[in-house]
Amino acid sequence: MKRQLFIATSLSAALAGCGAIGTKLTGNDRVHAILDAGENLDLALIGTHGLVREYSTRDISPDFPINSLDTPVDATYVHLMRTAFTSFRLVVDGVVDRPLSLSLAQLNAMPQTAQITRHDCVEGWSAIAQWSGVALRDVVAMARPRKEAGFIVFRTFDRDANGVPYYESLDFSQALHPQTLLALKQNGAPITPDRGAPVRLKIPTQLGYKSAKWVRHIQVVPSLAHLFGGQGGYWEDQGYQWYAGI
Amino acid sequence: MQTGKTVYRHSAVTRLTHWLFFIAFLALVSSGLQIFNAAPYLDASDKTDPARRVLQIYAPADNVGTTVIFGHAFTTTGWLGWTDDGMGGKTGRAFPGWITIPSYQDLADGRRWHLFFAWVMVFCGLAYLIWGIARHDLRELVLRPSDVPKLLPMQLYYLRLRKEAPLHGKYNPLQKLAYTLVLLVFAPLIVLSGLALSPSFDATFPWVTILFGGRQFARLWHFVLMVALCGFFAMHVILIATTGLRNHITSMITGRYRLGAHDGVGL
């Protein structure tokens, strides 16, 4: 009996110790750096290959959760929203030969593509919706990125409670993926303000936090080091992995 | 074989991968529970679907923790649902802070630990299997058809309903069954069900996610396999502690094992 008690105690101590030791180690920069090596393996061994499955209309989730920062309330966005985004311009610039400023009408006039795909949140849930709009690669090709271009950054109208702007970034293999979309419509209707109107990114090969809402500015950059926290995105600056394929 | 004789039982690769696997397992379980806490429910479906919910752990009110399994609700206050927040307080949280990495709610760091040790487990497992196959070590460990009729007598022996264990080699038939299940079934499946959760992996190998019944279903499998492996882990520790704790631990460190009355009966 003593022995069983000893085993039970040591088993729970092993697991309980884990949390405590892990919490201590998490605060250590060197441990953090070692753990981050896992992301390089994810990127190298999983990467972004192949097309995600497309579903049928009957698979569409009846309630697609809204899980983001709040709908922007700044004067510019509110004005655009009240005027049906008529003066909205999607700016594409950075290290490109041909900077662009596209109105909603121009985006709607470009070749449209639609997909019914599954959205996987980093928290663990999944929801299916139909997204339609312009393939990001068409817009990128129009802007003609220069040789030094390394990443595509998405600036949004969105800010958190502390005023920190939401931004995201993709590398070229992710941005040129045929299913990476600048979505204008969700389930056939123009995207509503709480879901990222008028233009949001939809990248079904990556976890949800990559699919930035309220995109206003696409910037082609050589490196992410000089933007905000330097990790390539709002959530990335708060510790989430830049590679969100897993 | 003689009782009391010391033999070289575990190769350096086995010993090294064993302890790395042990560390990785603890880190993976506790960081996995941290990740589970971010969406504390499991559905037997592809997309999230409350109608197909198998497990949910939540706090319906302050100071109440509830666990719902197949629609049956259990009050689990203090253990599941309403638990310690890892910072000295109590909060609505599926798994308690004492069992998660980090102890407080932090999905980003939980993922960092999990995705690092997942690779440790994969590379350890591959090194062990390749080494074991190359050196024919696995032959003694993997269950063969000839072992099957010996499973019941061995179980009866353990239950003290039979005086003698059936004839066997280095490992007895039940040990072989357990190790075969863990090494060749559960471990590969828990890795695959984890990969099935990756949207990029799903794009490259959609059949894997489909075989598990969809993404949320894969999440359920991943959890169930974790519980099965924890069961094996508990059994493993209990058996080791009751059949010569020091001898077993020494052998997994130095490789040298002192034979007991139950080892290699008749061979």
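Residues numbered from 1 in each chain as written. Chains lettered and ligands numbered in written order. Predicted model: local features only at pLDDT ≥ 70, side-chain atom pairs only at ≥ 80, totals over all residues. Heavy atoms only, no water.

Enquirer: What's the story with helix H3 (residues 75-82) of chain A in this structure? I'm lost.
Expert: At 3.6 residues per turn, the α-helix brings residues three or four places apart onto the same side. Residues and elements named next belong to chain A. Looking only at H3, the buried set comprises Tyr77, Val78 and Leu80. An end-on view of H3 places all buried positions within 160 degrees of arc, on one side of the element. Of the residues in H3, the exposed ones pointing more than 90 degrees away from the buried face are Ala75 and Arg82. On its buried face, H3 is in contact with strand S5 (151-159). (Buried < 20%, exposed > 50% of the residue type's maximum accessible area, 1.4 Å probe, protein only. Helix = DSSP H or I, 4+ residues; strand = E, 2+ residues; numbered from the N terminus. Arc of directions from axis to C-beta. Contact = heavy atoms within 4.5 Å.)

Enquirer: I tried to follow unusual backbone geometry on my own but got confused; where do I start?
Expert: Most peptide bonds take the trans form, and the phi angle of most residues other than glycine is negative. For the bond running from Ala197 of chain A to Pro198 of chain A, omega is -5 degrees, close enough to zero to count as cis. Structurally, the position occupied by Pro198 of chain A is in the loop between strand S8 (189-190) and strand S9 (200-202). At the junction of Ile101 of chain B and Pro102 of chain B, the peptide bond is cis and its omega measures out at -20 degrees in the coordinates. Locating Pro102 of chain B in the fold gives a position in the loop between strand S7 (90-93) and helix H2 (107-134).

Enquirer: What exactly am I supposed to notice about the sheet that holds strand S1 (residues 89-94) of chain A here?
Expert: Hydrogen bonds along the backbone pair up the strands of a sheet, which may run parallel or antiparallel. All names here are of chain A. Spatially, five strands are ordered S2-S1-S10-S5-S6 in an open sheet, and the strand pairing comes out mixed. The two strands at the open ends of the sheet, each matched to only one other strand, are strand S2 (100-103) and strand S6 (165-171). Between one strand axis and the next, the sheet turns through 20 degrees on average, direction left out of account. Where S1 and strand S10 (residues 215-221) come together, four bridges link them in parallel fashion. In the sheet register, Val91 faces S10, and the bridge partner there is His217. Along the sheet, helix H5 (residues 136-143) contacts S1, S2, S5, S6 and S10; its crossing angle with S2, the most-contacted strand, is approximately 140 degrees. (Pairing = 2+ DSSP bridges. Axes fitted to C-alpha atoms, helices over the stretch in contact; angles between N-to-C directions.)

Enquirer: What should I look at first to understand the domain arrangement of chain A in this one?
Expert: Think of interface size as the accessible area that goes away when the parts come together; that is how it is often given. Taken as a whole, chain A is organised into domain 1 (1-45) and domain 2 (54-238). Once you take the C-alpha centre of each, domain 1 of chain A and domain 2 of chain A turn out to be 37 Å apart. (Domains from an automatic or database assignment.)

Enquirer: Help me out: how do you make sense of the packing of aromatic side chains in this one?
Expert: Within the structure shown, the criterion is met by 26 aromatic pairs over all chains. Here the aromatic rings of Phe36 of chain B and Phe223 of chain B are separated by 5.2 Å at their centres, their planes lie at 35 degrees, and the arrangement is tilted. Of this pair, Phe36 of chain B sits in helix H1 (residues 12-37) while Phe223 of chain B is found in helix H7 (residues 215-242), placing the two residues 187 residues apart along the sequence. Of the two residues, Phe36 of chain B and Phe223 of chain B, both sit in the buried class. Clustering of aromatic rings is evident, with ring pairs tying together Tyr166, Tyr209, Tyr234, Trp235 and Tyr240 of chain A. (Phe/Tyr/Trp six-rings, centres within 6.5 Å; stacked < 30°, edge-to-face > 60°.)

Enquirer: What is the right way to read the sheet that holds strand S4 (residues 64-69) of chain B from this model?
Expert: Residue and element names in this part refer to chain B. Read from one edge to the other, the open sheet built from four strands follows the order S2-S3-S4-S5, with strand pairing classed as antiparallel. In the strand order of this sheet, the two ends are held by strand S2 (41-43) and strand S5 (72-75), each with one partner. For this sheet, the mean angle separating the axes of adjacent strands, direction not counted, is 25 degrees. The sheet contact formed by S2 and strand S3 (residues 53-61) spans three bridges and is antiparallel. Looking at S3, one finds that Asp43 is bridged to Arg53. Strand contacts of H7: S2 and S3, with the helix running at about 120 degrees to S2, the strand carrying the most contacts.

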